[in-house]
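# A look at the structure
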Amino acid sequence: MSFKDNIDKTRLPKHIAIIMDGNGRWAKERGKDRSFGHRQGVESVRTVTRAAGNLGIDYLTLYTFSTENWSRPEEEVNALMTLMVMAIEQETPDLMKNNVRLSAIGDLERMPSEVRERLDRCMRQTASNTGITLVLALSYSSRWEMTEAARQMAELVQKGELEPEQIDSELISRHLTTNF
Ligand code: IPE
Ligand code: MG
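The notes below deal with the structure included here.

## Looking at the overall build of the chain
Along the chain, the regular secondary structure elements total six helices and four strands. Written out in order from the N terminus, the α and β elements of the chain read β-α-α-β-α-β-α-β-α-α. For the chain, the spread of C-alpha atoms along the three principal axes comes to 60 × 45 × 30 Å. Of all 180 residues assigned to the chain, the portion counted as buried reaches 35%. As presented, the chain carries roughly 11400 Å² of accessible surface, and 50% of it is formed by carbon and sulfur atoms. A gap of 7 Å separates the mean positions of the 24 positive and 27 negative side-chain charges of the chain.

Spelled out as structure tokens, the structure:
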């Protein structure tokens, strides 16, 4: 019996989120440099996306690059950005084949234009796919997300379109980036 056969399909979550970590350590253990680990990370993303899609999971969020990651050495940040552009381009046919819709959350404005363009193109291309939604969290942190939500609601209050008393957990949810 395979691992998949052992999964109780009636108790699957709708949304799975994965914090990508350990790429560097994984590579170091094998005597390779960190970039080798990051490239291997792309392979893991492909495997996990396919598996989650096959199981019928609705959303898979990958915490790919956090706001904190901007403070890594410039060389590593640049290598990660280049890898992202290449990976998105390389994986798009596979996303199409597997009916995966790509989406992104985070402070995308902060991402280099090449990443944004590639991402936008892939999101447009996969927009009408009906299988799993793969959400890349890029330049993301929960502090950033809360700040954004607070700013949006403050603007509505300022415009007179929202009363502070109307702010409840449901409204906050609607202002989070996960409100697809
Ligand atoms: C995760 O692996 C990849 C990113 C955050 C981009 P790390 O780069 O954090 O690898 P370790 O944790 O240093 O091994
Ligand atoms: Mg780490």
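After presenting the structure, the write-up continues.
## Topic: the pattern of salt bridges
If you walk through the whole model with that rule in mind, you get 11 salt bridges. Across the pair glutamate 76 and arginine 34 runs a salt bridge, and its minimum N-O distance is 3.1 Å. Residue glutamate 76 is found in helix α3 (residues 74–97), and its partner arginine 34 is found in helix α2 (residues 34–55); the two are separated by 42 residues along the sequence. For arginine 34, a relative accessible area of 38% gives the class partly exposed. Residues joined by salt bridges that share partners form a network here, namely Arg34, Arg72 and Glu76.

Calculation rules
Residues numbered from 1 in each chain as written. Chains lettered and ligands numbered in written order. Predicted model: local features only at pLDDT ≥ 70, side-chain atom pairs only at ≥ 80, totals over all residues. Heavy atoms only, no water. Helix = DSSP H or I, 4+ residues; strand = E, 2+ residues; numbered from the N terminus. Buried < 20%, exposed > 50% of the residue type's maximum accessible area, 1.4 Å probe, protein only. Areas by Shrake-Rupley, 256 points an atom, 1.4 Å probe, with all protein chains shown as cover. Lys, Arg positive; Asp, Glu negative; His and termini not counted. Charge placed at Lys NZ, Arg CZ, Asp CG, Glu CD. Salt bridge = Lys/Arg side-chain N within 4 Å of Asp/Glu carboxyl O.

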